[in-house]
Amino acid sequence: MRPGPQFSLVLALLSIGVLSRTTHAQAYVPTNYPTISAALASGAPDIRVLPGTYVENLVINRPVLVRGQGGPVVVQGNVTATSFTPHDAARIQALHITGDVIVQTFYSDSFTIDGCRVEGRISQGGSTNETGQFRLMDSVVDGGVDLSPQLAFYLSSTILGGLKTGFENDLF
């Protein structure tokens, strides 16, 4: 039996990508998407942000790498990392964030800030699962870091505004 004309039309549209919802492995801002938020909404797993200033608040709520590439990338706004599922991870790299970073409600091996400058404060908002992990690596944080002792964290960065972990009154 020969396929009808509707079947052939659907195959043709899928082959040229008109009906396809697949995402590219890498999305470039502003080349493919005008904003970082638009690239995050696309579902791309690897977002490369070209030099510039991006005035927006970012919500990272899925496994993704958001990486500054090729020069200074300034995010004028806050970053909220929220609601990861177990064994998923998100990472921001080589960004200059003028606002705060809020880390909330996530599970194992979840969120890494690597090679960034954060002018604001990094803090924990909402609930965090006991198995959640937060990594702050090779970064500078002007406003300090305030995290709960329930959160497993790894810090190898310069923290200028102080560090609060909930362990300050514990005797070792």
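Residues numbered from 1 in each chain as written. Predicted model: local features only at pLDDT ≥ 70, side-chain atom pairs only at ≥ 80, totals over all residues. Heavy atoms only, no water.

## Section: the sheet that holds strand S17 (residues 163-164)
Reading across the sheet, the six strands line up as S4-S7-S10-S13-S15-S17 and stay open at both edges, with parallel pairing between neighbours. Single-partner strands in this sheet number two, and they are strand S4 (58-60) and S17. Taken together, the four bridges between strand S7 (residues 79-82) and strand S10 (residues 101-104) define a ladder with parallel strand orientation. Across the sheet, the residue bridging to threonine 80 is isoleucine 102, located in S10. (Pairing = 2+ DSSP bridges. Helix = DSSP H or I, 4+ residues; strand = E, 2+ residues; numbered from the N terminus.)

## A short note on the packing of aromatic side chains
The final tally for this structure, using the stated rule, is one aromatic pair. With centroids separated by 6.2 Å and ring planes inclined at 20°, the aromatic side chains of phenylalanine 111 and phenylalanine 134 adopt a geometry described as stacked. Remark: phenylalanine 134 occurs in strand S14 (residues 133-141) and phenylalanine 111 occurs in strand S11 (residues 111-114); sequence separation between them is 23 residues. Each member of the pair, phenylalanine 111 as well as phenylalanine 134, carries the same accessibility label: buried. (Phe/Tyr/Trp six-rings, centres within 6.5 Å; stacked < 30°, edge-to-face > 60°. Buried < 20%, exposed > 50% of the residue type's maximum accessible area, 1.4 Å probe, protein only.)

## Regarding the side chain of threonine 80
Mapped onto the elements, threonine 80 comes out in strand S7. By relative accessible area, threonine 80 is classed as buried at 18%. Not counting residues up to four positions away in its chain, the partners in contact with threonine 80 are Leu58, Val59, Ile60, Ile102 and Gln104. (Contact = heavy atoms within 4.5 Å.)

## Observations concerning the confidence of the model for the chain
Looking at the chain, the pLDDT average stands at 79 and 69% of residues meet or exceed 70. Of the regions scoring below 50 in pLDDT, residues 7-22 engages in five contacts with residues more than four places distant in sequence or in other chains. Long-range and interchain partners of residues 168-172, a stretch whose pLDDT sits below 50, account for two contacts in this model, where long-range means more than four residues apart. (pLDDT = per-residue confidence, 0-100.)

## Brief notes about the environment of proline 72
As for its placement among the helices and strands, proline 72 is situated in the loop between strand S5 (64-68) and strand S6 (73-75). Distance from proline 72 to threonine 53, taken between C-alpha atoms, is 8.3 Å for residues 19 residues apart in sequence.

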